[in-house]
Amino acid sequence: MGIQVYSTLTRKKEAFETLEPNKVRLYVCGPTVYDKAHVGHAMSALVFDIIRRYLQYRGYSVKHVMNYTDVDDKIINRANILACDPFELAETYIQQYAQHLKDLNILPATINPRATREMDEIIRFITDLINKGYAYEAGGDVYYRVEKKSDYGKLSGRKLDDMRAGSRIEVDERKENPMDFALWKAAKEGEPAWDSPWGKGRPGWHIECSAMSGAHLGEQIDIHGGGNDLIFPHHENEIAQSEAHTGKQFARYWIHNGMLQLSGEKMSKSLGNLITIEDFLAAHPADALRMMVLNSGYRNPLTFNDEIIGQAERGLERLQSGLKEAQPQTAGLADTSALDEAAKAARSGFEASMDDDFNSAGALGHLFELVRVINQARADGATDEQLKPAQDVLEELTGVLGLTLRVEKGSQAADAFINLLVDVRQDVRQAKLWELSDKIRDQLAELGVQVEDAKGGSTWYWK
RNA sequence: GGCGACGUGGCCAAGUGGGAAGGCAAGGGUCUGCAAAACCCUGAUCACGGGUUCAAAUCCCGUCGUCGCCUCCA
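Residues numbered from 1 in each chain as written. Chains lettered and ligands numbered in written order. Predicted model: local features only at pLDDT ≥ 70, side-chain atom pairs only at ≥ 80, totals over all residues. Heavy atoms only, no water.

Counting its secondary structure elements, chain A contains 15 helices and 15 strands. Its C-alpha atoms put chain A at 90 × 55 × 35 Å along the principal axes. Burial analysis of chain A (463 residues in total) assigns 51% to the buried set. Considering only contacts in chain A between residues 6 or more positions apart, those separated by 24 or more positions represent 77%. (Helix = DSSP H or I, 4+ residues; strand = E, 2+ residues; numbered from the N terminus. Buried < 20%, exposed > 50% of the residue type's maximum accessible area, 1.4 Å probe, protein only. Contact = heavy atoms within 4.5 Å.)

Further remarks concern the nonpolar core. Counting 84 residues, the largest nonpolar core has Phe16, Leu55, Leu289, Phe304, Phe350 and Leu370 as the members making the most contacts within it. Ranked by the residues each element gives to this core, the list is headed by helix α1 (residues 39–57), at 11 residues. Structurally, this core is a two-domain feature, drawing no fewer than three residues from each of domain 1 (4–283) and domain 2 (306–400). Leaving out residues up to four positions away in the same chain, Leu289 has contacts with Val39, Ala42, Leu46, Leu104, Phe280 and Phe304. By size, the runner-up hydrophobic cluster in this structure holds 26 residues, among which are Met119, Val142, Val146 and Trp194. (Core = buried A, V, L, I, M, F, W, Y, C linked by side-chain atoms within 4.5 Å. Domains from an automatic or database assignment.)

Take the UniProt feature "binding site: Zn(2+)" (unreviewed entry) in chain A next. UniProt marks Cys29, Cys209, His234 and Glu238 with the feature "binding site: Zn(2+)" (unreviewed entry), using the numbering shown here. These residues run over 210 residues, yet every pair of their C-alpha atoms falls within 11.1 Å of each other. You can see Cys29 is positioned in the loop between β3 (23–28) and α1. Once residues within four sequence positions are removed from consideration, Cys29 is found in contact with Met66, Asn67, Cys209, His224, Gly225, Leu230, His234, His235 and Glu238. The topology assignment puts Glu238 in helix α7 (residues 231–246). (UniProt positions renumbered as here; feature names shortened; annotations may be inferred.)

Attention now goes to the pattern of salt bridges. Taken as a whole and judged by the stated rule, the model has 32 salt bridges. We note a salt bridge from Glu278 to Lys36, for which the minimum N-O separation is 3.0 Å. With Glu278 in helix α8 (residues 277–283) and Lys36 in the loop between β3 and α1, the pair connects residues that are 242 residues apart, well separated along the chain. Among the residues examined, Lys36 registers a relative accessible area of 34% and is labelled partly exposed. (Salt bridge = Lys/Arg side-chain N within 4 Å of Asp/Glu carboxyl O.)

Let's shift gears to the domain arrangement of chain A. Here chain A is partitioned into domain 1 (4–283), domain 2 (306–400) and domain 3 (412–462). At the boundary of domain 2 with domain 3, total buried surface from both sides reaches about 440 Å², with 60% on carbon and sulfur atoms. Summed over the three residues of domain 2 that lose the most area to domain 3, namely Lys324, Glu325 and Pro328, the buried surface amounts to 79% of that side. In this structure, the connection of domain 2 to domain 3 is made through one salt bridge. Between Glu452 and Lys324 there is a salt bridge, and its shortest N-O distance comes to 3.5 Å. On inspection of domain 2 and its partner domain 3, the count reaches one residue pair in polar contact (both at pLDDT 80 or more). Looking at the side of domain 2 that touches domain 3 residue by residue, the classes come out as two nonpolar, one polar and two charged. (Buried area = accessible area lost by both parts, 1.4 Å probe. Polar contact = N/O pair within 3.5 Å; in protein donor to acceptor, adjacent residues only side chain to side chain. Nonpolar A, V, L, I, M, F, W, Y, C, P; charged D, E, K, R; others polar.)

Take the sheet that holds strand β7 (residues 181–186) next. Read from one edge of the open sheet, four strands run β5-β6-β7-β8, paired in antiparallel fashion. Single-partner strands in this sheet number two, and they are β5 (135–138) and β8 (201–203). On average, adjacent strands in this sheet sit at an angle of 20° to one another, irrespective of strand direction. In this structure, β5 lies alongside strand β6 (residues 141–144), joined through four bridges in antiparallel fashion. (Pairing = 2+ DSSP bridges. Axes fitted to C-alpha atoms, helices over the stretch in contact; angles between N-to-C directions.)

Within a regular strand, side chains alternate between the sheet's two faces. Pairing of β3 with strand β4 (residues 61–66) involves six bridges; the strand directions are parallel. The residue of β4 that forms the bridge with Leu26 is His64. The parallel pair β3 and β4, bridged by α1, forms a crossover whose chirality is right-handed. Examined bridge by bridge, β3 and strand β9 (residues 221–227) share three bridges and lie parallel to one another. (Right-handed = clockwise from strand over helix to strand, strands pointing away.)

Written as C-alpha coordinates, this is what we have:
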(Lines give C-alpha, C1' and ligand atoms only; values in the text may rest on other atoms or scores of the structure.)
Protein backbone atom coordinates (compact mmCIF):
# COMPACT_ATOMS: atom_id res chain seq x y z
CA MET A 1 0.00 0.00 0.00
CA GLY A 2 1.28 3.40 -0.88
CA ILE A 3 1.09 6.71 0.87
CA GLN A 4 -2.23 7.74 2.40
CA VAL A 5 -2.93 11.43 2.84
CA TYR A 6 -5.70 13.07 4.84
CA SER A 7 -7.29 15.78 2.79
CA THR A 8 -9.34 18.51 4.38
CA LEU A 9 -11.48 18.60 1.25
CA THR A 10 -12.86 15.09 1.72
CA ARG A 11 -12.16 14.83 5.46
CA LYS A 12 -10.65 11.43 5.05
CA LYS A 13 -7.45 9.66 4.12
CA GLU A 14 -6.96 9.04 0.45
CA ALA A 15 -4.43 7.14 -1.61
CA PHE A 16 -1.76 9.57 -2.71
CA GLU A 17 -1.55 9.76 -6.48
CA THR A 18 0.24 12.57 -8.20
CA LEU A 19 -0.77 14.30 -11.40
CA GLU A 20 2.52 13.30 -12.95
CA PRO A 21 4.31 10.12 -11.92
CA ASN A 22 7.01 10.66 -9.31
CA LYS A 23 6.52 14.42 -9.26
CA VAL A 24 4.82 16.42 -6.56
CA ARG A 25 3.67 19.98 -6.97
CA LEU A 26 3.46 21.45 -3.50
CA TYR A 27 2.26 24.91 -2.61
CA VAL A 28 2.44 26.12 0.98
CA CYS A 29 1.14 29.47 2.14
CA GLY A 30 3.95 31.51 3.60
CA PRO A 31 3.82 34.38 6.05
CA THR A 32 2.75 37.95 5.71
CA VAL A 33 5.99 39.73 6.44
CA TYR A 34 5.24 42.62 8.74
CA ASP A 35 6.74 41.38 12.01
CA LYS A 36 9.03 38.80 13.55
CA ALA A 37 7.96 35.24 12.93
CA HIS A 38 6.99 33.09 15.91
CA VAL A 39 7.30 29.39 16.68
CA GLY A 40 3.80 28.78 15.31
CA HIS A 41 5.04 29.76 11.87
CA ALA A 42 7.99 27.51 12.43
CA MET A 43 5.73 24.61 13.31
CA SER A 44 3.86 24.94 10.04
CA ALA A 45 7.07 25.20 8.05
CA LEU A 46 8.45 22.17 9.88
CA VAL A 47 5.35 20.08 9.18
CA PHE A 48 5.62 20.66 5.46
CA ASP A 49 9.38 20.21 5.52
CA ILE A 50 8.89 16.78 7.09
CA ILE A 51 6.25 15.89 4.50
CA ARG A 52 8.48 17.08 1.71
CA ARG A 53 11.51 15.20 2.96
CA TYR A 54 9.52 12.01 3.27
CA LEU A 55 8.09 12.34 -0.24
CA GLN A 56 11.62 12.79 -1.49
CA TYR A 57 12.75 9.75 0.44
CA ARG A 58 9.92 7.89 -1.29
CA GLY A 59 11.37 8.84 -4.63
CA TYR A 60 9.29 11.85 -5.56
CA SER A 61 10.81 14.94 -7.00
CA VAL A 62 9.11 17.78 -5.18
CA LYS A 63 8.60 21.22 -6.65
CA HIS A 64 7.87 23.28 -3.57
CA VAL A 65 6.53 26.81 -3.78
CA MET A 66 6.19 29.01 -0.73
CA ASN A 67 5.07 32.57 -1.17
CA TYR A 68 5.73 35.71 0.78
CA THR A 69 2.85 38.13 1.13
CA ASP A 70 4.83 41.31 0.88
CA VAL A 71 2.10 43.88 0.37
CA ASP A 72 -1.06 44.17 2.46
CA ASP A 73 -2.80 46.33 5.03
CA LYS A 74 -0.76 45.18 7.99
CA ILE A 75 2.53 45.84 6.27
CA ILE A 76 1.38 49.28 5.22
CA ASN A 77 0.12 50.11 8.69
CA ARG A 78 3.29 48.93 10.33
CA ALA A 79 5.40 50.91 7.90
CA ASN A 80 3.36 54.00 8.64
CA ILE A 81 3.85 53.58 12.37
CA LEU A 82 7.57 53.07 11.96
CA ALA A 83 7.73 55.81 9.31
CA CYS A 84 9.60 53.54 6.96
CA ASP A 85 9.17 52.22 3.46
CA PRO A 86 6.77 49.26 3.34
CA PHE A 87 8.87 47.46 0.74
CA GLU A 88 11.97 47.76 2.86
CA LEU A 89 10.06 46.56 5.88
CA ALA A 90 8.88 43.50 3.99
CA GLU A 91 12.34 42.84 2.64
CA THR A 92 13.82 42.91 6.11
CA TYR A 93 11.40 40.33 7.43
CA ILE A 94 11.73 38.14 4.36
CA GLN A 95 15.47 37.96 4.86
CA GLN A 96 14.97 37.22 8.52
CA TYR A 97 12.42 34.50 7.83
CA ALA A 98 14.65 32.84 5.25
CA GLN A 99 17.43 32.75 7.82
CA HIS A 100 15.11 31.19 10.41
CA LEU A 101 14.17 28.45 7.97
CA LYS A 102 17.83 27.76 7.42
CA ASP A 103 18.54 27.69 11.13
CA LEU A 104 15.68 25.24 11.59
CA ASN A 105 17.15 22.94 8.93
CA ILE A 106 14.13 23.47 6.72
CA LEU A 107 14.86 22.80 3.07
CA PRO A 108 14.51 25.95 1.00
CA ALA A 109 11.48 26.02 -1.29
CA THR A 110 12.15 25.56 -4.96
CA ILE A 111 10.64 29.00 -5.56
CA ASN A 112 9.66 31.81 -3.19
CA PRO A 113 7.39 34.08 -5.19
CA ARG A 114 6.29 37.44 -3.85
CA ALA A 115 3.03 39.18 -4.56
CA THR A 116 4.74 42.39 -5.63
CA ARG A 117 6.71 40.60 -8.31
CA GLU A 118 3.77 38.82 -9.89
CA MET A 119 1.53 41.79 -10.57
CA ASP A 120 1.00 41.11 -14.28
CA GLU A 121 -0.08 37.58 -13.58
CA ILE A 122 -2.45 38.70 -10.84
CA ILE A 123 -4.05 41.33 -13.06
CA ARG A 124 -4.45 38.84 -15.90
CA PHE A 125 -6.09 36.43 -13.48
CA ILE A 126 -8.57 39.02 -12.20
CA THR A 127 -9.36 40.20 -15.72
CA ASP A 128 -10.23 36.67 -16.72
CA LEU A 129 -12.52 36.28 -13.70
CA ILE A 130 -14.35 39.47 -14.67
CA ASN A 131 -14.67 38.29 -18.27
CA LYS A 132 -16.12 35.02 -17.12
CA GLY A 133 -18.62 36.71 -14.87
CA TYR A 134 -17.04 35.56 -11.61
CA ALA A 135 -15.96 39.01 -10.54
CA TYR A 136 -17.14 42.59 -10.80
CA GLU A 137 -15.64 46.00 -10.40
CA ALA A 138 -17.06 48.48 -7.94
CA GLY A 139 -15.49 51.88 -7.53
CA GLY A 140 -11.93 50.79 -8.21
CA ASP A 141 -12.24 47.62 -6.16
CA VAL A 142 -12.84 44.24 -7.73
CA TYR A 143 -14.85 41.59 -5.88
CA TYR A 144 -15.28 37.90 -6.36
CA ARG A 145 -18.90 36.86 -6.82
CA VAL A 146 -19.33 33.97 -4.38
CA GLU A 147 -22.83 33.06 -5.53
CA LYS A 148 -21.76 32.37 -9.10
CA LYS A 149 -20.34 28.93 -8.30
CA SER A 150 -22.60 26.56 -6.43
CA ASP A 151 -19.80 24.71 -4.67
CA TYR A 152 -18.48 27.70 -2.75
CA GLY A 153 -17.85 26.52 0.80
CA LYS A 154 -16.88 22.94 -0.07
CA LEU A 155 -13.50 23.05 1.67
CA SER A 156 -14.62 24.53 4.96
CA GLY A 157 -18.01 22.83 4.95
CA ARG A 158 -19.95 26.05 5.12
CA LYS A 159 -23.00 27.13 3.26
CA LEU A 160 -23.48 30.68 2.12
CA ASP A 161 -26.88 30.75 3.76
CA ASP A 162 -25.39 29.90 7.13
CA MET A 163 -22.87 32.67 6.84
CA ARG A 164 -25.27 35.24 5.54
CA ALA A 165 -26.32 36.52 8.94
CA GLY A 166 -22.68 37.46 9.31
CA SER A 167 -23.31 39.91 12.06
CA ARG A 168 -19.59 40.38 12.49
CA ILE A 169 -18.98 41.19 8.87
CA GLU A 170 -19.20 44.83 8.09
CA VAL A 171 -21.59 45.06 5.19
CA ASP A 172 -20.19 46.97 2.28
CA GLU A 173 -22.91 48.53 0.18
CA ARG A 174 -20.96 47.97 -3.00
CA LYS A 175 -20.86 44.21 -2.54
CA GLU A 176 -23.57 42.11 -4.12
CA ASN A 177 -23.23 39.58 -1.34
CA PRO A 178 -21.62 40.32 2.02
CA MET A 179 -19.36 37.30 1.52
CA ASP A 180 -17.91 38.57 -1.74
CA PHE A 181 -14.25 39.21 -1.19
CA ALA A 182 -11.79 41.65 -2.68
CA LEU A 183 -9.55 40.59 -5.54
CA TRP A 184 -8.25 44.08 -6.05
CA LYS A 185 -8.26 47.01 -3.66
CA ALA A 186 -8.21 50.59 -4.88
CA ALA A 187 -5.29 52.49 -3.41
CA LYS A 188 -5.73 55.24 -0.90
CA GLU A 189 -3.49 58.26 -0.90
CA GLY A 190 0.13 57.36 -0.16
CA GLU A 191 -0.30 53.61 -0.36
CA PRO A 192 1.81 51.39 -2.60
CA ALA A 193 -0.10 50.95 -5.83
CA TRP A 194 0.11 49.37 -9.25
CA ASP A 195 -1.65 50.36 -12.43
CA SER A 196 -4.54 48.17 -13.44
CA PRO A 197 -7.57 48.28 -15.71
CA TRP A 198 -9.52 49.39 -12.61
CA GLY A 199 -7.19 52.17 -11.60
CA LYS A 200 -4.33 52.23 -9.14
CA GLY A 201 -4.48 49.63 -6.45
CA ARG A 202 -3.08 46.40 -5.05
CA PRO A 203 -4.15 42.78 -4.97
CA GLY A 204 -6.33 41.24 -2.28
CA TRP A 205 -4.79 38.60 -0.13
CA HIS A 206 -6.37 35.49 -1.61
CA ILE A 207 -5.70 36.17 -5.26
CA GLU A 208 -1.95 36.20 -4.97
CA CYS A 209 -1.73 32.55 -3.97
CA SER A 210 -3.99 31.47 -6.79
CA ALA A 211 -2.04 33.50 -9.31
CA MET A 212 1.38 32.44 -8.09
CA SER A 213 0.42 28.82 -7.76
CA GLY A 214 -0.85 28.88 -11.32
CA ALA A 215 2.20 30.69 -12.61
CA HIS A 216 4.78 28.41 -10.98
CA LEU A 217 3.06 25.06 -10.67
CA GLY A 218 0.41 25.06 -13.39
CA GLU A 219 -3.34 24.98 -13.30
CA GLN A 220 -3.52 21.94 -11.06
CA ILE A 221 -1.32 21.02 -8.14
CA ASP A 222 -0.96 17.97 -5.95
CA ILE A 223 -0.78 19.39 -2.46
CA HIS A 224 -1.81 22.74 -1.09
CA GLY A 225 -0.85 23.27 2.51
CA GLY A 226 -0.98 25.70 5.36
CA GLY A 227 -2.24 26.18 8.88
CA ASN A 228 -5.81 25.11 9.58
CA ASP A 229 -6.67 28.69 10.40
CA LEU A 230 -6.35 29.35 6.67
CA ILE A 231 -9.11 26.93 5.68
CA PHE A 232 -11.63 29.70 5.82
CA PRO A 233 -11.67 32.09 4.20
CA HIS A 234 -8.25 31.99 2.55
CA HIS A 235 -8.16 28.54 1.04
CA GLU A 236 -11.86 28.46 0.36
CA ASN A 237 -11.43 31.59 -1.68
CA GLU A 238 -8.37 30.28 -3.46
CA ILE A 239 -10.34 27.26 -4.61
CA ALA A 240 -13.19 29.44 -5.79
CA GLN A 241 -10.93 31.73 -7.81
CA SER A 242 -8.69 29.08 -9.25
CA GLU A 243 -11.44 26.71 -10.26
CA ALA A 244 -13.49 29.54 -11.74
CA HIS A 245 -10.40 30.56 -13.70
CA THR A 246 -9.39 27.16 -15.07
CA GLY A 247 -12.54 25.10 -14.82
CA LYS A 248 -10.42 22.33 -13.29
CA GLN A 249 -9.85 20.98 -9.82
CA PHE A 250 -7.25 23.20 -8.17
CA ALA A 251 -5.45 21.03 -5.62
CA ARG A 252 -5.82 17.28 -5.25
CA TYR A 253 -4.99 17.21 -1.56
CA TRP A 254 -5.43 19.93 1.04
CA ILE A 255 -3.18 19.43 4.03
CA HIS A 256 -3.59 21.58 7.13
CA ASN A 257 -1.53 21.56 10.28
CA GLY A 258 -2.99 22.16 13.73
CA MET A 259 -2.21 25.28 15.71
CA LEU A 260 0.54 25.68 18.21
CA GLN A 261 -0.91 26.56 21.58
CA LEU A 262 0.61 28.66 24.29
CA SER A 263 -1.09 28.50 27.67
CA GLY A 264 -4.10 26.83 26.11
CA GLU A 265 -4.61 29.36 23.38
CA LYS A 266 -3.54 29.67 19.81
CA MET A 267 -0.31 31.52 19.51
CA SER A 268 -0.91 34.49 17.30
CA LYS A 269 0.17 37.99 16.66
CA SER A 270 -3.19 39.44 17.47
CA LEU A 271 -3.37 37.71 20.85
CA GLY A 272 0.16 38.79 21.64
CA ASN A 273 0.98 35.46 23.29
CA LEU A 274 3.88 34.50 21.12
CA ILE A 275 7.42 33.34 21.29
CA THR A 276 9.54 34.38 18.36
CA ILE A 277 11.69 31.91 16.50
CA GLU A 278 14.61 34.12 17.40
CA ASP A 279 13.92 33.76 21.12
CA PHE A 280 13.40 30.03 20.85
CA LEU A 281 16.63 29.41 19.00
CA ALA A 282 18.55 31.53 21.46
CA ALA A 283 17.59 29.07 24.19
CA HIS A 284 17.18 25.69 22.48
CA PRO A 285 18.59 23.68 19.61
CA ALA A 286 16.59 23.71 16.38
CA ASP A 287 16.11 19.96 16.65
CA ALA A 288 14.09 20.45 19.85
CA LEU A 289 11.29 22.24 18.05
CA ARG A 290 11.33 19.70 15.26
CA MET A 291 11.22 16.92 17.82
CA MET A 292 8.13 18.46 19.41
CA VAL A 293 6.45 18.61 16.04
CA LEU A 294 7.47 15.06 15.17
CA ASN A 295 6.17 13.66 18.43
CA SER A 296 2.62 14.78 17.79
CA GLY A 297 0.15 14.40 14.97
CA TYR A 298 0.60 17.30 12.61
CA ARG A 299 -3.15 17.86 12.43
CA ASN A 300 -3.59 18.13 16.19
CA PRO A 301 -2.98 21.20 18.26
CA LEU A 302 0.46 21.20 19.84
CA THR A 303 0.96 22.67 23.27
CA PHE A 304 4.10 24.68 23.73
CA ASN A 305 5.60 24.94 27.19
CA ASP A 306 8.86 24.39 29.02
CA GLU A 307 8.04 20.87 30.12
CA ILE A 308 7.29 19.73 26.59
CA ILE A 309 10.42 21.37 25.24
CA GLY A 310 12.40 19.61 27.95
CA GLN A 311 10.88 16.27 27.04
CA ALA A 312 11.74 16.87 23.40
CA GLU A 313 15.33 17.73 24.24
CA ARG A 314 15.76 14.61 26.34
CA GLY A 315 14.16 12.55 23.61
CA LEU A 316 16.80 13.90 21.26
CA GLU A 317 19.52 12.87 23.64
CA ARG A 318 18.10 9.40 23.62
CA LEU A 319 18.16 9.23 19.83
CA GLN A 320 21.72 10.48 19.95
CA SER A 321 22.65 7.78 22.43
CA GLY A 322 22.12 5.24 19.68
CA LEU A 323 24.90 6.82 17.66
CA LYS A 324 27.52 6.72 20.39
CA GLU A 325 30.65 4.72 19.77
CA ALA A 326 31.37 1.24 21.06
CA GLN A 327 32.89 0.65 24.47
CA PRO A 328 36.67 0.80 24.43
CA GLN A 329 38.57 -2.42 23.84
CA THR A 330 35.52 -4.52 23.46
CA ALA A 331 35.57 -8.12 22.33
CA GLY A 332 32.71 -7.88 19.87
CA LEU A 333 29.52 -9.86 19.52
CA ALA A 334 29.40 -13.41 18.26
CA ASP A 335 26.11 -12.74 16.53
CA THR A 336 24.81 -9.46 15.12
CA SER A 337 21.53 -10.77 13.79
CA ALA A 338 19.52 -8.88 16.42
CA LEU A 339 21.02 -5.63 15.14
CA ASP A 340 20.33 -6.52 11.54
CA GLU A 341 16.77 -7.47 12.26
CA ALA A 342 16.14 -4.38 14.36
CA ALA A 343 17.43 -2.14 11.59
CA LYS A 344 15.21 -3.87 9.08
CA ALA A 345 12.17 -3.69 11.36
CA ALA A 346 12.84 -0.02 12.09
CA ARG A 347 12.89 0.86 8.42
CA SER A 348 9.72 -0.99 7.55
CA GLY A 349 7.92 0.31 10.64
CA PHE A 350 9.11 3.80 9.90
CA GLU A 351 7.82 3.62 6.34
CA ALA A 352 4.50 2.10 7.34
CA SER A 353 3.92 4.89 9.84
CA MET A 354 4.99 7.70 7.55
CA ASP A 355 2.96 6.24 4.69
CA ASP A 356 -0.06 6.57 6.92
CA ASP A 357 -0.61 10.29 6.62
CA PHE A 358 2.90 11.15 7.75
CA ASN A 359 2.52 9.63 11.20
CA SER A 360 5.81 10.89 12.50
CA ALA A 361 5.07 10.06 16.13
CA GLY A 362 4.59 6.43 15.20
CA ALA A 363 7.71 6.55 13.04
CA LEU A 364 9.71 7.93 15.96
CA GLY A 365 8.53 5.03 18.09
CA HIS A 366 10.17 2.63 15.65
CA LEU A 367 13.39 4.60 15.72
CA PHE A 368 13.46 4.52 19.52
CA GLU A 369 13.13 0.77 19.39
CA LEU A 370 16.13 0.62 17.11
CA VAL A 371 18.02 2.81 19.56
CA ARG A 372 17.30 0.37 22.35
CA VAL A 373 18.61 -2.59 20.37
CA ILE A 374 21.74 -0.69 19.38
CA ASN A 375 22.37 0.28 22.99
CA GLN A 376 21.80 -3.29 24.11
CA ALA A 377 24.32 -4.48 21.56
CA ARG A 378 26.83 -1.89 22.70
CA ALA A 379 26.31 -2.86 26.32
CA ASP A 380 26.88 -6.47 25.29
CA GLY A 381 30.19 -5.58 23.75
CA ALA A 382 29.53 -4.87 20.07
CA THR A 383 32.36 -3.19 18.18
CA ASP A 384 32.00 -0.01 16.15
CA GLU A 385 32.07 -2.07 12.96
CA GLN A 386 29.23 -4.22 14.22
CA LEU A 387 27.15 -1.25 15.32
CA LYS A 388 27.68 0.73 12.18
CA PRO A 389 25.07 -0.75 9.82
CA ALA A 390 22.26 -0.24 12.33
CA GLN A 391 23.57 3.20 13.24
CA ASP A 392 23.64 4.12 9.57
CA VAL A 393 19.97 3.25 9.29
CA LEU A 394 19.20 5.28 12.41
CA GLU A 395 21.09 8.24 11.06
CA GLU A 396 19.49 7.97 7.65
CA LEU A 397 15.92 7.80 8.97
CA THR A 398 16.32 10.55 11.54
CA GLY A 399 17.75 12.52 8.63
CA VAL A 400 14.57 11.88 6.64
CA LEU A 401 12.70 13.53 9.49
CA GLY A 402 15.09 16.44 9.23
CA LEU A 403 16.79 15.88 12.56
CA THR A 404 20.46 16.64 12.54
CA LEU A 405 21.30 15.03 15.90
CA ARG A 406 24.08 17.49 15.79
CA VAL A 407 26.77 16.88 18.33
CA GLU A 408 28.75 19.95 19.23
CA LYS A 409 32.24 19.78 17.93
CA GLY A 410 35.25 21.54 19.28
CA SER A 411 38.28 22.33 17.20
CA GLN A 412 40.52 19.57 15.90
CA ALA A 413 43.37 21.01 17.90
CA ALA A 414 41.37 20.81 21.11
CA ASP A 415 40.48 17.19 20.36
CA ALA A 416 44.13 16.19 20.43
CA PHE A 417 44.65 17.77 23.83
CA ILE A 418 41.52 16.23 25.25
CA ASN A 419 42.54 12.82 24.01
CA LEU A 420 45.85 13.34 25.73
CA LEU A 421 44.19 14.39 28.96
CA VAL A 422 41.79 11.50 28.95
CA ASP A 423 44.65 9.17 28.21
CA VAL A 424 46.71 10.48 31.10
CA ARG A 425 43.67 10.33 33.33
CA GLN A 426 43.47 6.66 32.49
CA ASP A 427 46.88 6.15 34.09
CA VAL A 428 45.82 8.26 37.05
CA ARG A 429 42.82 5.99 37.49
CA GLN A 430 44.93 2.90 37.33
CA ALA A 431 46.98 4.36 40.12
CA LYS A 432 43.68 4.81 41.95
CA LEU A 433 44.24 8.53 42.44
CA TRP A 434 40.50 9.10 42.45
CA GLU A 435 40.55 12.67 43.63
CA LEU A 436 42.77 13.79 40.79
CA SER A 437 40.90 11.68 38.29
CA ASP A 438 37.56 13.19 39.34
CA LYS A 439 39.00 16.66 39.19
CA ILE A 440 40.03 16.17 35.58
CA ARG A 441 36.60 14.82 34.69
CA ASP A 442 34.75 17.61 36.48
CA GLN A 443 36.83 20.33 34.95
CA LEU A 444 36.48 18.90 31.48
CA ALA A 445 32.75 18.84 32.08
CA GLU A 446 32.85 22.53 32.84
CA LEU A 447 34.51 23.04 29.47
CA GLY A 448 31.70 21.12 27.80
CA VAL A 449 33.42 17.76 27.51
CA GLN A 450 31.55 14.79 28.91
CA VAL A 451 33.81 11.93 29.94
CA GLU A 452 32.25 8.52 30.43
CA ASP A 453 34.21 5.69 32.03
CA ALA A 454 33.72 2.10 30.97
CA LYS A 455 35.46 -1.17 31.57
CA GLY A 456 38.11 -0.96 28.87
CA GLY A 457 38.73 2.78 29.16
CA SER A 458 36.91 6.07 28.76
CA THR A 459 35.04 7.78 25.96
CA TRP A 460 34.23 11.46 25.71
CA TYR A 461 32.14 13.81 23.64
CA TRP A 462 31.24 17.48 23.43
CA LYS A 463 27.93 18.24 24.99
C1' G B 1 -25.41 30.78 17.68
C1' G B 2 -23.32 27.85 13.11
C1' C B 3 -19.36 24.50 11.37
C1' G B 4 -15.20 21.35 12.73
C1' A B 5 -11.49 18.78 15.67
C1' C B 6 -10.02 16.53 20.04
C1' G B 7 -10.41 13.98 25.20
C1' U B 8 -5.45 7.09 25.88
C1' G B 9 -0.80 5.83 32.50
C1' G B 10 2.17 11.92 36.40
C1' C B 11 3.48 14.53 31.28
C1' C B 12 3.86 14.04 25.63
C1' A B 13 1.82 10.48 22.45
C1' A B 14 0.86 5.98 18.59
C1' G B 15 -3.03 2.84 17.73
C1' U B 16 -9.53 3.72 15.06
C1' G B 17 -13.42 -3.67 15.70
C1' G B 18 -10.11 -9.17 18.27
C1' G B 19 -2.59 -8.72 21.76
C1' A B 20 -3.07 -0.77 24.85
C1' A B 21 3.66 1.21 20.54
C1' G B 22 7.25 4.66 21.91
C1' G B 23 9.44 8.90 24.60
C1' C B 24 9.89 11.92 29.19
C1' A B 25 9.39 11.71 34.47
C1' A B 26 9.25 8.35 38.94
C1' G B 27 10.67 3.91 41.83
C1' G B 28 13.73 -0.62 42.15
C1' G B 29 17.96 -3.31 40.20
C1' U B 30 22.74 -4.35 37.10
C1' C B 31 27.41 -2.15 35.80
C1' U B 32 31.11 1.49 38.09
C1' G B 33 36.29 3.40 42.87
C1' C B 34 32.57 7.29 42.40
C1' A B 35 29.75 9.81 38.70
C1' A B 36 27.51 9.81 34.09
C1' A B 37 25.70 6.94 30.30
C1' A B 38 23.69 2.43 29.07
C1' C B 39 21.04 -2.06 30.21
C1' C B 40 17.01 -4.86 33.05
C1' C B 41 12.35 -4.61 35.92
C1' U B 42 7.68 -1.90 37.68
C1' G B 43 2.63 0.88 36.02
C1' A B 44 -3.71 2.37 31.91
C1' U B 45 -11.06 -0.31 34.13
C1' C B 46 -8.43 4.28 26.77
C1' A B 47 -13.56 11.56 29.70
C1' C B 48 -18.56 9.83 31.31
C1' G B 49 -23.48 7.33 30.16
C1' G B 50 -26.22 4.36 26.89
C1' G B 51 -26.40 1.28 22.26
C1' U B 52 -24.65 -2.11 17.98
C1' U B 53 -21.49 -6.68 17.95
C1' C B 54 -19.46 -13.23 19.60
C1' A B 55 -15.87 -9.09 20.39
C1' A B 56 -15.39 -1.62 21.10
C1' A B 57 -10.05 2.78 23.09
C1' U B 58 -11.69 1.87 18.03
C1' C B 59 -18.64 2.02 15.17
C1' C B 60 -23.60 4.78 16.61
C1' C B 61 -26.38 8.20 20.03
C1' G B 62 -26.17 11.41 24.23
C1' U B 63 -23.58 14.22 28.23
C1' C B 64 -19.47 16.89 30.03
C1' G B 65 -14.79 19.17 28.98
C1' U B 66 -10.79 21.39 25.89
C1' C B 67 -9.52 23.77 21.38
C1' G B 68 -10.03 25.83 16.37
C1' C B 69 -12.73 28.47 12.42
C1' C B 70 -16.86 31.71 11.39
C1' U B 71 -12.66 38.83 11.23
C1' C B 72 -6.25 39.42 9.85
C1' C B 73 -3.76 34.80 11.18
C1' A B 74 1.01 29.21 9.99
